[in-house]
Amino acid sequence: MRVLGLDPGLRHTGWGVIDVNGNRLTHIANGAAHAATDLPLAMRLVSLFRQITSVIERFRPDEAAVEETFVNRNPASTLKLGVARGVVLLAPAERGLPVAEYSANLIKKAVVGAGHAEKAQVQILPGCGIGAADAADALAVAICHAHHAATRRQWEAAV
């Protein structure tokens, strides 16, 4: 199974692709979609959508996973992040991919073993050549999905 992990952001949306074969996870690629801050909001969203769609077309994932939005102190920022997150959810769904969502704490727990791990701990993925923090976060989302999807499949097979 090939998994696309996505870390939504209006300026930078991280993406990471891994292959899952049993317990073995293999890094395929990672990067970030960037939207120019001088564009109107609608055009920034179009740019993010097109870039994510391009990643999907290039790497052909079987499933996608997206980090859930956390609510911060600035409602306007939270709303804009939510709009970007909608585009990030739409791009793989529009291509027919199943899309899972995971909280930041669950992602940290899957990668580091502790739900309140420091951000730097999650970004330590050796041998991946990760250039951006957003891409590292997206790979963590993909890893979280790999663990949880495998468990879900085992439960479904048992039932």
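In short, a report on the structure. (Residues numbered from 1 in each chain as written. Predicted model: local features only at pLDDT ≥ 70, side-chain atom pairs only at ≥ 80, totals over all residues. Heavy atoms only, no water.)

## Quick notes on helix H2 (residues 75-94)
Point 1. The terminal C-alpha atoms of H2, which comprises 20 residues, lie 28 Å apart, in line with the 28 Å expected from a rise of 1.5 Å per residue.
Point 2. For H2, the complete set of buried residues consists of Thr78, Leu81, Ala84, Arg85, Val87, Val88, Ala91 and Pro92.
Point 3. For H2, the elements touching its buried residues are strand S1 (2-7), strand S2 (12-21), helix H1 (41-59), strand S4 (63-67) and strand S5 (99-102).
Point 4. Where H2 begins, one side-chain oxygen reaches toward the backbone nitrogen of Ala76, 2.9 Å away; that side chain belongs to Asn74.
Point 5. Immediately downstream of H2, the backbone of Gly96 shows phi near 85°, a positive value. (Helix = DSSP H or I, 4+ residues; strand = E, 2+ residues; numbered from the N terminus. Expected span 1.5 Å × (residues − 1). Buried < 20%, exposed > 50% of the residue type's maximum accessible area, 1.4 Å probe, protein only. Contact = heavy atoms within 4.5 Å. Polar contact = N/O pair within 3.5 Å; in protein donor to acceptor, adjacent residues only side chain to side chain.)

## What to know about H1
Point 1. Spanning 19 residues, H1 covers 27 Å between terminal C-alpha atoms, matching the ideal 27 Å at 1.5 Å per step.
Point 2. Taken together, the buried positions of H1 are Arg44, Leu45, Leu48, Ile52, Thr53, Val55, Ile56 and Phe59. In a view along the axis of H1, the buried residues occupy a sector of 165°, so they form one face of it. Every exposed residue of H1 that faces more than 90 degrees away from the buried side is listed here: Ala42, Arg50 and Arg58.
Point 3. Positioned one or two residues after H1, Arg60 has a phi angle of 50°, which is positive. (Arc of directions from axis to C-beta.)

## Comments concerning unusual backbone geometry
Point 1. Phi at Arg60 is positive, roughly 50°, even though this residue is not glycine.
Point 2. Within the secondary structure, Arg60 sits in the loop between H1 and S4.
Point 3. Overall, the relative accessible area of 61% leaves Arg60 in the exposed class.

## Some words on the sheet that holds S4
Point 1. Strand order in the open sheet formed by five strands is S3-S2-S1-S4-S5, with mixed pairing between adjacent strands. What marks the edges here is a single partner per strand, and that holds for strand S3 (24-34) and S5. Put simply, the sheet's adjacent strands are angled 20° from each other on average, direction ignored.
Point 2. Bridge analysis of S2 against S3 gives ten bridges, and the strand direction is antiparallel. From the neighbouring strand, Thr13 faces S3, where its bridge partner is Ala33.
Point 3. Its contacts with the sheet place H1 against S1, S2 and S3, and it is angled at close to 150° to S3. (Pairing = 2+ DSSP bridges. Axes fitted to C-alpha atoms, helices over the stretch in contact; angles between N-to-C directions.)

## Regarding the pattern of salt bridges
Point 1. Evaluation of the coordinates by the stated rule reveals four salt bridges.
Point 2. Note that Arg2 is salt-bridged to Asp19, the shortest N-O span being 2.6 Å. Linking Arg2 in strand S1 with Asp19 in strand S2, this pair joins segments that are 17 residues apart in sequence.
Point 3. We note a salt bridge from Glu57 to Arg95, for which the minimum N-O separation is 2.7 Å. Of this pair, Glu57 sits in helix H1 while Arg95 sits in the loop between H2 and S5, placing them 38 residues apart in sequence.
Point 4. Residue classification places Glu57 among the partly exposed positions, given a relative accessible area of 40%. (Salt bridge = Lys/Arg side-chain N within 4 Å of Asp/Glu carboxyl O.)

## Notes on a nonpolar patch on the surface
Point 1. On the surface, Leu39, Met43 and Val46 cluster together to form a nonpolar patch covering roughly 220 Å² of accessible area.
Point 2. Tracing the backbone shows Val46 in helix H1. (Patch = residues over 30% accessible without salt bridge, like charges linked within 9 Å, V, L, I, M, F, W, Y side chains within 5 Å. Areas by Shrake-Rupley, 256 points an atom, 1.4 Å probe, with all protein chains shown as cover.)

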